[in-house]
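# Survey of secondary and tertiary structure
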Amino acid sequence: MAGLEFGHHLGLPQALSALPLTPLTPGYTRLVATQHAAGLRHMGELFAPGPGTAPGTPPGLRVLDGVFVPLGPRGRRRVDQALLADLGRGTGPRATLANDLAALHRSDPQALRRVLLYQLIGLLQDHPNGHHPDTARALGIHADESAGLAAAARTRPVLDKAQRTAAESLADAWAEHRLRRVRKLLERLPTTGRDPALDALRTTLARRLGHADAVLDAARAAERSGDTEAATEEYLRTLRLAADDRKALFSLVRIHRPRHDDRAERLRCALRPESAALAWDAAEPGVVWRILRLRRTGRGSTEVREVRQVSAGATGTGGVCGTEDRAIPLGSMVRYVALPLREGRVDGVPLVARELPLTPEADGLTLTDGRERIDGTWRTPPGATEVTVEHTGPDGPTGALPCDRDRFAATGLPPGPHRFRVVCHYRTPEGQVVASPGVEAARTVHRWPDPVRTLTATAEGETIRFAWTGGGGGGGAEDGVPEEPTDVRLVCWPGEAPAPGTELATDGLPEPLPWPRPHDGEPVLCPPPGTHAEVAAVAVLGERAVAGPAVTVEAPVPVTGLSLRRQADGQVQVVLDWPEGTGLLTVSWTESGGHRGEQAVAAHQYRRQGLRLPVGRGGVRVRAVPAPRVSGSVVALPSAAETELPPDASVAYRLVPAPRRMLRRGKPLIRVTLSAPDSSPTSSSEENEPRLPEQLPEFVCVARSGTLRPRGPADGTTVLRIAGAELLELRTVEHELDSAPCPVPYTLRGFLLGAHAMSVRLEEPSPATLVVR
């Protein structure tokens, strides 16, 4: 019917009667990706008039009898190489698309028109109003051709998604000589429609497939007759005709696969945690190697996947090529094949590798033994779904061990050799679970000493006695060798002490404490003055040790230079040499009356204001010891610094004027009195009570002429001498001056002499009262 057939309304007998079902353009998928990146609905929008187009230029692209763009009010210009070159200047997706179309135009001038018709018809068929000419004009088509293009969309069969995929990948499969693939794609497309190019492709494909089948039959006949060389040549001819002929490929693999007695493998494969590494010798230049992966599926068939194509010498040195397959189907049994290609066709015998199970093993399996325990760590391949550990002890297999994804801990193990096998499990693409062969490692569990459970320390004067529980040995023998005895070693860790129960190597332990041991064979040590240490017990058995508990031990520096000085206000000043490194002293005292006191004195306090004790006139005994640095530590106290101060004894003397007798005056007297506080009855029996010295100093009184006082006991005439014992017994002694010892006026003065003169205070009266006239 006139006007309903594509191009008929133009009045041309053969005008565009072909309706393309496929673009038949190699690399079409890449062209479409670039088109979408440029934001174009179809490739014809690349030629839409730009901002510099002359006014009055009618819009619209012509595609029915060639691709034309508007030129002037009524002119048009064919899209040619020059126009595409102009559009390809610059950068961006539009320039890239123009350059790709220019390359396509050079190889096939009709390809652009075919691609445009395929895209425009598809857009109209997808549009709800695609049968209307206005829809074609909205896509940028010239008004004169919009009706014809809409009629073409109604006439050509509509392709579903699978058919469009087949139509758009058909040219690539044909260019790669994959005839079996081309036949499958053509079977998906409708057989109706007017596409002469597609009909010609079907005819050519049938002829080539017939030739390839005949060559394949000849190859099979040669193989059955035992002529493997002729069979190989015929199979290679089949692959040159049909590069995806699975029967020819599998036959070549069967003929040239490595034998068990082959030492050198031409295609070498190594399984890595996330890939399969391939290497082969390929010194001949100009060859492209197509790497194929053959996989056995769960349905009994063989899946063929192309990994990639590698140019000889592009990835290796010294004539060695190499590549990796990073998309390995884990859990599968595969075989890799390297096909040499020249100009896209097989050109030589393929290299066939041995079958390779894609079950990567755990990497870096490391075992560490401990006390009745072995720990294992490894690196699990990323694709493993599960990891299991099998254990074999000295008495045989014990079964599976619980484990994490990258570690396990086997406890309660008897001494002896133990073997572990780590197996990785994988899920195949068909859902089956496959296990790897597993990696094995062995480790021996040795006997360890029992740990020290408790450690105590007791101060015994300047020594510390240690005692502990636990620390026994493993007992028995290992491999017939008698076990060494267990030793408990007392050590001080240089840094932070390990937690009790930590397993250690003997060669990493500190040396035993070098403190003196007063009694051989006993755990009694004498820490040096100034010690403040954490003493830990370690159980040692041969090369192995177990850390135990610790106690804090201190040995303060002793106090020296302790002395007491009585002050006028009744207090006693304590003087001492502060021990280095000591922060606190405990000062205790006992008074004559039995009263006891204690005071903590800090170093800064003593240095700033000294130390005074409110003990009165009585005697006092003072004791000073360093206080421990840490509460709860065991302190080996040095000999305590101790001294005493007797009661505040004093000797007073005075001149007593002579009494007047009748008509004359009597002789003057010198009265000497010993004063001291009375001892408390409740404490008089205390052995350690401070008392008066048993030997008092001697009292001497001298006279000197004049009113100046004598300067010393030898500066004048001795008029009185009282022994200390007499004064202690009598307490008060009076002496009458019989005659003038020297010319009057003269002055008297008393002195205390002897070893104990400093322990008794001398109370002197006013010098004016001691002048005799």
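Since the model is a prediction, treat every value here as computed from it, not as a measurement.

### Structural notes on the overall build of the chain
What the chain contains, in helices and strands, is 13 helices and 46 strands. The C-alpha atoms of the chain give a radius of gyration of 59 Å, which is well past the 28 Å a tight globule of 773 residues would have. Projecting the C-alpha coordinates of the chain onto the three principal axes gives extents of approximately 190 × 90 × 50 Å. Within the chain, counting contacts between residues at least 6 apart in sequence, those at least 24 apart form 63% of the total. Counting every atom, the chain has about 39,800 Å² of accessible surface; 50% of that belongs to carbon and sulfur. A distance of 7 Å separates the average location of the 93 positive side-chain charges in the chain from that of its 91 negative side-chain charges.

### Details of the environment of Arg 41
Its location among the elements puts Arg 41 in the loop between α1 (28-37) and β1 (68-71). For the pair Arg 41 and Leu 123, spaced 82 residues apart in the sequence, the C-alpha separation amounts to 8.6 Å. When near neighbours in sequence (up to four residues on either side) are disregarded, Arg 41 contacts Gln 35, Leu 123, Ala 138 and Leu 139. At 2.7 Å, the side chain of Arg 41 forms a polar contact with the side chain of Glu 45.

### A closer look at the pattern of salt bridges
Using the criterion set out here, one finds 45 salt bridges in the structure. A salt bridge links Arg 296 to Glu 355; its shortest N-O distance comes to 2.7 Å. Highlighted residues: Arg 296 in strand β5 (residues 288-296) and Glu 355 in the loop between β10 (351-352) and β11 (356-357), separated in sequence by 59 residues. Judged by relative accessible area, Glu 355 falls into the partly exposed class, the value being 31%. Taken together, the shared-partner salt bridges in this structure form one network comprising Arg 295, Glu 303, Arg 305 and Glu 430.

### Structural notes on the sheet that holds strand β33 (residues 611-613)
The sheet built from three strands is open, its strands ordered β29-β30-β33 with antiparallel pairing. For this open sheet the edge positions go to β29 (560-566) and β33, each flanked by a neighbour on one side alone. The average undirected angle you get between the axes of adjacent strands in this sheet is 25°.

### Description of the side chain of Thr 552
Locating Thr 552 in the fold gives a position in strand β28 (residues 544-555). Relative accessible area serves as the criterion here: at 16%, Thr 552 is assigned to the buried category. Of the polar contacts made by the side chain of Thr 552, one reaches the side chain of Glu 534; its length is 2.5 Å. When near neighbours in sequence (up to four residues on either side) are disregarded, Thr 552 contacts His 532, Ala 533, Glu 534, Ser 633 and Val 634.

### Focus on helix α11 (residues 246-256)
Within α11, the full set of buried residues consists of Ala 248, Leu 249, Ser 251, Leu 252, Val 253 and Ile 255. Of the surrounding elements, those touching the buried residues of α11 are α9 (196-224), α10 (228-241), β5, β6 (302-311), β8 (333-342) and β10. Capping of α11 at its N-terminal end is provided by Asp 245; its side-chain oxygen lies 3.1 Å from the backbone amide nitrogen of Lys 247.

### A closer look at a positive patch on the surface
Judged by side-chain charge, Arg 183, Lys 184, Arg 188, Arg 246 and Lys 247 come together as a positively charged surface patch. Elements that contribute at least two residues to the positive patch include exactly α8 (179-188) and α11. The element contributing the most residues to the positive patch is α8, with three residues. Relative to the helices and strands, Arg 188 is located in helix α8. The class for Arg 188 is partly exposed, based on a relative accessible area of 39%.

Conventions we followed
- Residues numbered from 1 in each chain as written.
- Predicted model: local features only at pLDDT ≥ 70, side-chain atom pairs only at ≥ 80, totals over all residues.
- Heavy atoms only, no water.
- Helix = DSSP H or I, 4+ residues; strand = E, 2+ residues; numbered from the N terminus.
- Rg over C-alpha atoms; globule rule 2.2 N^0.38 Å.
- Contact = heavy atoms within 4.5 Å.
- Areas by Shrake-Rupley, 256 points an atom, 1.4 Å probe, with all protein chains shown as cover.
- Lys, Arg positive; Asp, Glu negative; His and termini not counted.
- Charge placed at Lys NZ, Arg CZ, Asp CG, Glu CD.
- Polar contact = N/O pair within 3.5 Å; in protein donor to acceptor, adjacent residues only side chain to side chain.
- Salt bridge = Lys/Arg side-chain N within 4 Å of Asp/Glu carboxyl O.
- Buried < 20%, exposed > 50% of the residue type's maximum accessible area, 1.4 Å probe, protein only.
- Pairing = 2+ DSSP bridges.
- Axes fitted to C-alpha atoms, helices over the stretch in contact; angles between N-to-C directions.
- Patch = residues over 30% accessible without salt bridge, like charges linked within 9 Å, V, L, I, M, F, W, Y side chains within 5 Å.

Read these as layout, nothing more, since geometry by itself doesn't imply function.
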